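# Analysis of the macromolecular model
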Amino acid sequence: MSTSRRTLIPFLCTFLTLQGLVGCGSNPPSPESSSPSPVVPEGASESQSSGQSAEKETSTKTEKTSHAGVDLSGRTIAIDPGHNGGNASHPDEIARQVPDGRGGTKQCNTTGTATDSGFPETDFTWAVGQMLEAELEDAGAEVVMSREDNDGVGPCVDERGTFADDADLMVSIHANGSESTQSKGFHVIVADPGTSDEAEDGSNRLAKAMSKAMADPFTPNRAYGKNAISRRPDLGGLNNASVPAVIVECGEMRNPSEATMMESEAGQRKYADALMRGVVEWY
Ligand SMILES: [Zn+2]
């Protein structure tokens, strides 16, 4: 919130979208994410409510101490919470083509996935992104965010890379939506090839740092190799990033145990803590 850049990009995106000048959003909504506002079935919400209040107390207590002694003064970190809450209700806007970072074009953005109970990926990435932002700022870092709220549309994948141009590194937060409920665990994605030798080296190092930090409380998805790191040429956010950048797919939203973790505030705090440790490890 402290720089004009942080507010300008999402604002411009929203403004231009409203003017019909550009679209900032993506695909036809998937069945799980077609509702513009997150709907958690009453049963699920009730079953979590008592646990959540206890978890809130725990997370509040640990918030101030979990990264005590970490000093990130002078560092700038870019956080990209994947997708956006308004994407699902703006299919035409998020379907428009934008630069893919490889000389071609790609769809602006997508809706993301959801848990079987209807908790959308965008709510998860927003919650974790905000927690990570607070933890980084508590440690003295400057933070730039790719979006300012969770009810807008976009930004598009090109902006989800370039917004980080003045940062030391960029972390894009997502969760995966494999069809199988048996799929479990996090994986980390880097661009292949990187946008420069320096960015590629930094991204590879960041991927290892994130994998190591995430593997402490969470399960690496071995389908993506021993360290759960994959390399992809087709992801617009990474391809448009000039700085070291990774996507962290924090887990599988259709896996029952991981879904429960992602839906709870205490679980979201664990993901944010792990990402924070990954950032610190990278420096
Ligand atoms: Zn995603």
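This text goes with the structure placed above it.
Computed from a prediction, not measured in an experiment: that's the story for all the values here. (Residues numbered from 1 in each chain as written. Predicted model: local features only at pLDDT ≥ 70, side-chain atom pairs only at ≥ 80, totals over all residues. Heavy atoms only, no water.)

### Digging into the state of the cysteines
- Under the criterion given, the structure shown has 1 disulfide.
- Between the sulfur of Cys108 and that of Cys156 lies a disulfide, 2.1 Å long from S to S. Looking along the S-S bond of the Cys108-Cys156 disulfide, the torsion reads about -90 degrees, which is the left-handed sense. Separated by 48 residues along the polypeptide, Cys108 in the loop between β3 (105-107) and α4 (121-138) and Cys156 in the loop between β4 (142-145) and α5 (159-162) bring together distant segments of the chain. (Disulfide = S-S within 2.5 Å. Helix = DSSP H or I, 4+ residues; strand = E, 2+ residues; numbered from the N terminus.)

### A closer look at the packing of helix α6 (residues 197-214) against helix α9 (residues 265-282)
- Running from amino to carboxyl end, α6 crosses α9 at an angle of 135 degrees, the nearest separation of the two axes being 8 Å. With respect to their mutual orientation, α6 and α9 come out oblique. The chirality of how α6 crosses α9 is right-handed. Residues Gly202, Arg205, Leu206, Ala209, Met210, Lys212, Ala213 and Met214 of α6 form the contact with α9, whose participating residues are Tyr271, Ala274, Leu275, Arg277, Gly278, Val279, Glu281 and Trp282.
- Looking at the contact of α6 with α9 residue by residue, the class counts come to 10 nonpolar, 2 polar and 4 charged. (Axes fitted to C-alpha atoms, helices over the stretch in contact; angles between N-to-C directions. Parallel < 35°, antiparallel > 145°, perpendicular 65-115°, else oblique. Left-handed = near helix turned anticlockwise from the far one by under 90°. Contact = heavy atoms within 4.5 Å. Nonpolar A, V, L, I, M, F, W, Y, C, P; charged D, E, K, R; others polar.)

### Things to note about the coordination of the zinc ion
- Those protein atoms acting as donors to the zinc ion are His83 (NE2), Glu121 (OE) and His174 (ND1), and they sit at 2.0 to 2.1 Å.
- Along the chain, the residues donating to the zinc ion fall in the pattern H-x37-E-x52-H. Of this pair, His83 sits in the loop between β1 (76-81) and α3 (91-95) while Glu121 sits in helix α4, and the two are 38 residues apart along the sequence.
- Take His83: its relative accessible area is 6%, and that puts it in the buried class.
- Judged by relative accessible area, Glu121 falls into the buried class, the value being 3%. (Donors = N, O, S within 2.8 Å, 3.2 Å for Na, K, Ca; no water. Buried < 20%, exposed > 50% of the residue type's maximum accessible area, 1.4 Å probe, protein only.)

### What about the packing of α4 against α9?
- Between α4 and α9, whose axes approach to 8 Å, the crossing angle comes to 50 degrees. Classified by the angle between their axes, α4 and α9 sit oblique to one another. In terms of crossing hand, the pair formed by α4 and α9 is right-handed. From α4, Phe124, Ala127, Val128, Met131, Leu132, Glu135 and Leu136 reach across to α9, where they touch Glu265, Gln268, Arg269, Tyr271, Ala272, Asp273, Leu275, Met276 and Val279.
- Partitioned by chemical class, the residues of the contact of α4 with α9 number 11 nonpolar, 1 polar and 4 charged.

Keep in mind that these numbers describe shape and distance, not what the molecule does.
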